[in-house]
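Commentary on secondary and tertiary structure
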Amino acid sequence: MFDQLEIIENRYEQLNELLSDPDVVSDPNKLREYSKEQSDLQGIVDVYRVYKEHKETIEESKEMLNETDDKEMVELLKEEISASEKEIPGLEDELKVLLIPKDPNDEKNVVMEIRGAAGGDEAQIFAGDLFRMYSRYAEAQGWKTEIVDASASDQGGYKEISFMINGHGAYSKLKYENGAHRVQRVPETESGGRIHTSTATVAVLPEVEEVEVDIKNEDLKIDTYRSSGAGGQHVNTTDSAVRITHLPTGTVVTSQDEKSQIKNRENAMKVLRSRIYDMMQQEAQDEYSAQRKLAVGTGDRSERIRTYNYPQNRVTDHRIGLTINKLDQIIDGNLDEIFDALAIEEQTSKLEELNNAEF
């Protein structure tokens, strides 16, 4: 671990030099890339340098102790050693946390897809509840929610809905939502008062830049058609809706919520890039199944991850055994307690890999 920290500090110094290089300064892409890398390393380098200062203080003070008989100086040196020794364990723990590999997608916007699954109309109503839950959470964070495509249910809610949430760090919070969500409640249409169990599935994909996924124009089949959804007279009377088929994978994406065909095409391409990227990521993760078990946010989407029990006002996240009796608050978008617990669990699991490391 000490060697790794030295490599990081050396790279940080190298980046300082690169960011002063005229060739880099004149190249916006390189300047942005190196600036971001330097910013990512800044925190760990700062803590490591404080750590090294305390280690040096201890070493130098011990050497001086062997060279002096002055009682006041001896007392002062012992105090310095004691103070630095108290700081070392906390700094070591902080460095271990900082050395945990960061998810490169954490800062990205997200594409979310919710589908009503088992339970018929009630599942589709629940899908609508989940959409509102995430929309309210996004609003509280100051993020923007934008519907890409939606198939509304006759009874309310959605058969399926695709939408984007744009905001710094959106993926770092919402990535844990992949999976099947189960609801237990008495449907409004149930005259006998019986509790029904229904499910909706949630997929969370990081928004992907064009440079990250190479999609060739000749691999795309693009169709335009008249929107069938809500949106006013203009949307429903022009061929503004877009359907894009990625021929090599058979992936189909539609977008019809915008009045502009150009905007719908742009949104559809964002979703398509995210889906293709997700396929690539899943293939890579399948090769590291043991690693996937450590990350609570990368589980199989068919796996039931959470239950929302309305009669008992209870939400249970099955991955970490967390139960919270605040369903009314959670379904209203107050998700931080759950997200924080999931993040801590993932961090703790990864820290276990570093527990035996020595400085």
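Cut-offs and rules
- Residues numbered from 1 in each chain as written.
- Predicted model: local features only at pLDDT ≥ 70, side-chain atom pairs only at ≥ 80, totals over all residues.
- Heavy atoms only, no water.
- Helix = DSSP H or I, 4+ residues; strand = E, 2+ residues; numbered from the N terminus.
- Buried < 20%, exposed > 50% of the residue type's maximum accessible area, 1.4 Å probe, protein only.
- Contact = heavy atoms within 4.5 Å.
- Areas by Shrake-Rupley, 256 points an atom, 1.4 Å probe, with all protein chains shown as cover.
- Axes fitted to C-alpha atoms, helices over the stretch in contact; angles between N-to-C directions.
- Parallel < 35°, antiparallel > 145°, perpendicular 65-115°, else oblique.
- Left-handed = near helix turned anticlockwise from the far one by under 90°.
- Nonpolar A, V, L, I, M, F, W, Y, C, P; charged D, E, K, R; others polar.
- Phe/Tyr/Trp six-rings, centres within 6.5 Å; stacked < 30°, edge-to-face > 60°.
- Polar contact = N/O pair within 3.5 Å; in protein donor to acceptor, adjacent residues only side chain to side chain.
- Core = buried A, V, L, I, M, F, W, Y, C linked by side-chain atoms within 4.5 Å.
- pLDDT = per-residue confidence, 0-100.
- Pairing = 2+ DSSP bridges.
- Salt bridge = Lys/Arg side-chain N within 4 Å of Asp/Glu carboxyl O.

**Describing the overall build of the chain**
Of the regular secondary structure elements, the chain holds 11 helices and 11 strands. Scored against the burial criterion, the 359 residues of the chain give a buried share of 40%. Long-range pairs, those at least 24 residues apart, make up 61% of the contacts in the chain with a sequence separation of at least 6. Of the accessible surface of the chain, which amounts to about 19,800 Å², a share of 45% is contributed by carbon and sulfur atoms.

**A closer look at the packing of helix α3 (residues 28–65) against helix α4 (residues 71–98)**
The N-to-C vectors of α3 and α4 enclose an angle of 150°; their axes lie 8 Å apart at closest approach. Compared by their axis directions, α3 and α4 come out roughly antiparallel. Classified by chirality, the crossing of α4 by α3 is left-handed. The class makeup of the residues in the contact of α3 with α4 is 15 nonpolar, 5 polar and 8 charged.

**Considering the environment of R275**
Relative to the elements of secondary structure, R275 occurs in helix α8 (residues 261–286). Assessed through its relative accessible area of 17%, R275 is described here as buried. Counting along the chain gives 164 residues from R275 to V111, while the straight-line C-alpha distance between them is 8.9 Å. Once residues lying within four places of it in the same chain are set aside, the contact partners of R275 are E113, R115, S162, L205, T251, V252 and V253.

**A closer look at the packing of aromatic side chains**
For the coordinates displayed, the defined rule picks out 6 aromatic pairs. Where F131 meets Y158, the ring centres are 5.8 Å apart and the plane angle is 85°; that geometry is what we call edge-to-face. Separated by 27 residues along the polypeptide, F131 in helix α5 (residues 121–141) and Y158 in strand β3 (residues 158–166) bring together distant segments of the chain. The two residues F131 and Y158 agree in class, both being buried.

**Some words on unusual backbone geometry**
Phi at N313 is positive, roughly 50°, even though this residue is not glycine. Along the chain, N313 turns up in the loop between β9 (304–309) and β10 (314–317).

**Side note on the side chain of T251**
Inspection of the secondary structure puts T251 in strand β8 (residues 251–255). Here T249 takes part through its side chain, which lies 2.8 Å from a polar atom of the side chain of T251. Setting aside residues up to four positions removed in sequence, T251 forms contacts with I244, T245, H246, L272, R275, I276 and M279.

**Focus: the nonpolar core**
M112, I114, L130, Y134, I165, L174 and Y308 are the most contacted members of the largest nonpolar core, which has 34 residues in total. Counting residues per element, this core draws most heavily on α5, which supplies 8 residues. Other than its neighbours up to four places away in sequence, I165 contacts N109, V110, M112, Y134, A138, W143, K144, T145, A170 and L174. Judged by nonpolar contacts, the second largest core, of 20 residues, contains L15, Y48, Y51 and L99.

**Side note on the confidence of the model for the chain**
The predicted coordinates of low-pLDDT regions are not to be read in fine detail. Per-residue pLDDT for the chain has a mean of 82; in total, 87% of the residues score no lower than 70. Scored below 50 in pLDDT, residues 230–235 makes 8 contacts in the model with residues more than four places away or belonging to other chains. In the predicted structure, residues 288–301 sits below a pLDDT of 50 and forms 30 contacts with residues beyond four places in sequence or in another chain.

**What about the sheet that holds strand β7 (residues 241–246)?**
Taking strand neighbours across the sheet as the criterion, the 3 strands line up as β6-β7-β8 in an open arrangement whose pairing is antiparallel. Of all strands in the sheet, those with a lone pairing partner are β6 (220–225) and β8, marking the two edges. Ignoring which end each strand starts from, the neighbouring axes of this sheet average 15° apart. Here 5 bridges tie β7 to β8, and the two strands are oriented antiparallel to one another.

**So, the pattern of salt bridges**
Two side chains of opposite charge can pair, provided their charged atoms sit close to one another. Scanning the entire structure with this criterion turns up 23 salt bridges. R185 is the partner of D129 in a salt bridge, and the nearest nitrogen-oxygen pair spans 2.8 Å. Of this pair, D129 sits in helix α5 while R185 sits in strand β4 (residues 179–185), and the two are 56 residues apart along the sequence. Judged by relative accessible area, D129 falls into the buried class, the value being 13%. When its relative accessible area of 11% is taken as the criterion, R185 is described as buried.

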